Structure formats: C-alpha cells, structure tokens
Amino acid sequence: MSNFEVRMSEVGEGSGRGMYTKVDIKEGTSIGKKESVNAVHVPGSAMDLIDQYMNESADIKKAYSYIDGYGWETHTFGGTEYFVEPSILTFVNHGCNGTFNMLDWSAFRSWKNDNEGVIVTEMNATVNDYESYRENVYDIFTDRHIAHAALSYTVASRDIKAGEEITSNYIFYVSGLEAWIQQSEDLKSICSGETTGFITQTESDSKGVE
C-alpha cells in the first residue's frame, strides 16, 4: 500500500478523507489484494452487545461509529455482522453517479463479460436490482472461508492516473433489502449535496467533546 496516500477527499464538500494513488494503475489491476483478507471482523454476537450498551458508554459509541462508518454489514450467519478494511483502503470514498474507478473483482468481471453494460449506482438503483446481488444461502464452504468470501479483492475498473483519488461503489455495502433501499437513498442524498457522510457528520458532532 506504499503506492497510496490519504488526503482530504475531492469527491465533494464534507466528504472527509480519501485515498489517492501515487502511481498509474492499469485497468484490471488488483488493489490491496494482500491486505483485504486481514480485515477487522465484528461478529453478530459482538454487535448485539454493542447495541445493548452503546448508550451507556462513550467508548462503545465511538467503536460503533468506526465499525458502521468505515465497515460494511453482512447477514451471512443470520445476524448483523461487520467487516472493516485493515489498511488505508478504509478511506476509499463512494464515486457518485458511476464515477468510481475501483470495483469488486467479481462485479468487474461480470461487467466486462456483459460488454460493459450498465452498473447499478445510487442514481439508477431499483428494488429489482437487489435480487441479483443478494447474498447466497448459507453453506459450509462460505463458513470456513468467511473472510475471503466477504472481503474479495478489488480491481481498477479503468486506467487510473497518478494523483487521482480512488473511489468505489458503495451501493452494495449493506445486506438486506430494507437496508439496501435506505443505503441507495442515503447515497443519493449525499451525492446531491443535501447531506454529509456518516463519518463527517459524526466527527463534526464530536468536536469539542471529550
């Protein structure tokens, strides 16, 4: 990850920090493949305790802000659990209206095989789009390889020049239809400038609070 750096994002006002590349990256090149499998995993049992005691502890509330703000949720085992990127990849912002330049490798492969058809974004998402991206039925293989299955690696979806900010597509960073619909609406609101992101808002609210 030495070829990347963190600076204030240029995605939009209130977008917080972002990750930038110091070198040119060719389309299809993996990004942070080695680091991605070492993610912070917060299982459902831990999330249950966090939800239970969050309002009683400022430290637990801060932990939740980190988990929810920088991670993404999955319902692989039935409950709500989270994964958080272990490297500066965690600062990768959402590329609004399809402007992202990094995709999950499986989404990238499907996109290329479909002759670069339409990719679902916050601007064109419908309820019908969720069906094709929903999580698979539980199986023992996924159970034994949960980190690899949940984290997968990302690749450059186009040629990226040195100095560019790396952005991804947040549209499927949540699990469950209701959460996905809410995610779509939240991203649309953020991208239109009506609201700011969760991390930016949390940090703004906590200024001056010990």
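Structure shown above.
What counts, and where the lines are drawn
Residues numbered from 1 in each chain as written. Predicted model: local features only at pLDDT ≥ 70, side-chain atom pairs only at ≥ 80, totals over all residues. Heavy atoms only, no water. Helix = DSSP H or I, 4+ residues; strand = E, 2+ residues; numbered from the N terminus. Buried < 20%, exposed > 50% of the residue type's maximum accessible area, 1.4 Å probe, protein only. Contact = heavy atoms within 4.5 Å. Areas by Shrake-Rupley, 256 points an atom, 1.4 Å probe, with all protein chains shown as cover. Pairing = 2+ DSSP bridges. Disulfide = S-S within 2.5 Å.

Colleague: Which parts of the structure should I look at to understand the overall build of the protein?
Modeller: Within the protein, the regular secondary structure consists of nine helices and 10 strands. Counting the 210 residues in the protein, one finds 35% classified as buried. Across the protein, contacts joining residues at least 24 apart in sequence account for 72% of those joining residues at least 6 apart. As displayed, the protein has an accessible area near 12300 Å², and 51% of this comes from carbon and sulfur atoms.

Colleague: Help me understand the environment of E27 in this model?
Modeller: Of note, E27 is situated in the loop between β2 (17-21) and β3 (30-31). Residue class for E27 comes out partly exposed when judged on its relative accessible area of 34%. The spatial distance from the C-alpha of E27 to the C-alpha of S157 is 5.4 Å, given a sequence separation of 130 residues.

Colleague: Whenever I open this one, the sheet that holds strand β9 (residues 154-156) confuses me. Can you help?
Modeller: In sheet architecture, strand pairing relies on hydrogen bonds along the backbone and comes in two forms, parallel and antiparallel. The three strands lie next to each other as β3-β9-β8, forming an open sheet whose pairing is antiparallel. Because the sheet does not close on itself, it has two edges, and the strands there are β3 and β8 (102-104). Here β3 pairs with β9 via two bridges, running antiparallel. Bridging from a neighbouring strand, S30 pairs with V155 of β9.

Colleague: Honestly, the state of the cysteines in this entry has me stumped. Any pointers?
Modeller: Disulfide: a covalent bond connecting the sulfur atoms of a pair of cysteines. Enumeration according to the criterion identifies one disulfide in this entry. Note on cysteine connectivity: C96 is disulfide-linked to C191, with sulfurs 2.0 Å apart. Its torsion about the S-S bond being -85°, the disulfide of C96 and C191 is classed as left-handed. Of this pair, C96 sits in the loop between β7 (93-94) and β8 while C191 sits in helix α8 (residues 177-191); the two residues are 95 residues apart in sequence, bridging distant segments of the chain. The class of C96 is buried, set by a relative accessible area of 18%.

By themselves, these are just geometric observations and shouldn't be taken as functional.
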